[in-house]
Amino acid sequence: MIRALMWAAGAAALSAAPVHAQDLAKAQNTANQVCASCHAADGNSTAPANPKIAGQFPEYLHKQLADFKPQGGKKPARESPIMMGMVANLSDADMKGLAAFYAGQKLKPAAAADKNLATLGQKLWRGGNTATGVPACAGCHGPAGAGMPAQFPRLAGQYAEYVAAQLKAFKEGGRANDPNGMMRGVTARMTEREIRAVAEYAAGLR
């Protein structure tokens, strides 16, 4: 928990410096020419495999972009052949600009498609699973999935397919850039159905 709080403080410090108009203009140009193919120019991806990043917290977006870049000769904290290539030539100012640009876009939310899964997801989101030690998702991501700036991302309206894929990646060790291993610890206790359920419920949150 202490390490998670230290990361949150660091993320807040990273985002404290103002993003200048010219950086936002450059970011919009990058978004149109590079990012749009996967995330759409306004951050509302049309492919469930790619996350909707419109309206996401700039601190979170900046951290994810930075995590795709190798640091000090080590492997990046978050690995993706596509994203690693995309951020390779971006400076920190570029990444902050992109984070600010997409944070300022309006989310066009996805929707839940499976009522039964969403019903189970609602129970897990609100109360967790006390029998297996799975905490309520609402404890960190909020009752409505709005998240907490500089700490936990907004999940409301995100594609269920993407959320489920990320939870599974945390569970299986394919993604490990969560502060203090928090999400890896949570997902280790979740079944595949529970993962699909909370992802489905999150997609329908507003």
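No experiment lies behind these values; they were computed from the predicted model shown.

Draft legend 1. Here's a closer look at the side chain of K52. Considering the arrangement of structural elements, one finds K52 in the loop between α2 (21–39) and α3 (58–67). For the buried residue K52, which engages in no salt bridge, the nearest side chain bearing the opposite charge is D42, 7.7 Å off. For K52, the side chain forms a polar contact with the main-chain oxygen of S45, separated by 3.4 Å.

Draft legend 2. Structural context of the environment of M182. As for its placement among the helices and strands, M182 is situated in helix α9 (residues 182–187). Remark: the alpha-carbon pair of M182 and W125, spanning 57 residues in sequence, is separated by 16 Å.

Draft legend 3. Structural context of helix α10 (residues 192–204). For α10, spanning 13 residues, the distance from its first C-alpha to its last is 19 Å, which sits close to the expected 18 Å at 1.5 Å a residue. Three or more residues of α10 are buried, namely E194, I195, A197, V198, A199, E200, Y201, A202 and A203.

Draft legend 4. Broad picture of the pattern of salt bridges. Within this structure, the stated rule accounts for six salt bridges. A salt bridge links E79 to K75; the nearest nitrogen and oxygen atoms lie 3.5 Å apart. With relative accessibility at 46%, the residue E79 sits in the partly exposed group. Residues R184 and D178 are paired through a salt bridge, measuring 2.7 Å at the closest nitrogen-oxygen approach. The exposure class of D178 is buried, given its relative accessible area of 7%.

Rules and cut-offs
- Residues numbered from 1 in each chain as written.
- Predicted model: local features only at pLDDT ≥ 70, side-chain atom pairs only at ≥ 80, totals over all residues.
- Heavy atoms only, no water.
- Helix = DSSP H or I, 4+ residues; strand = E, 2+ residues; numbered from the N terminus.
- Buried < 20%, exposed > 50% of the residue type's maximum accessible area, 1.4 Å probe, protein only.
- Lys, Arg positive; Asp, Glu negative; His and termini not counted.
- Salt bridge = Lys/Arg side-chain N within 4 Å of Asp/Glu carboxyl O.
- Polar contact = N/O pair within 3.5 Å; in protein donor to acceptor, adjacent residues only side chain to side chain.
- Expected span 1.5 Å × (residues − 1).

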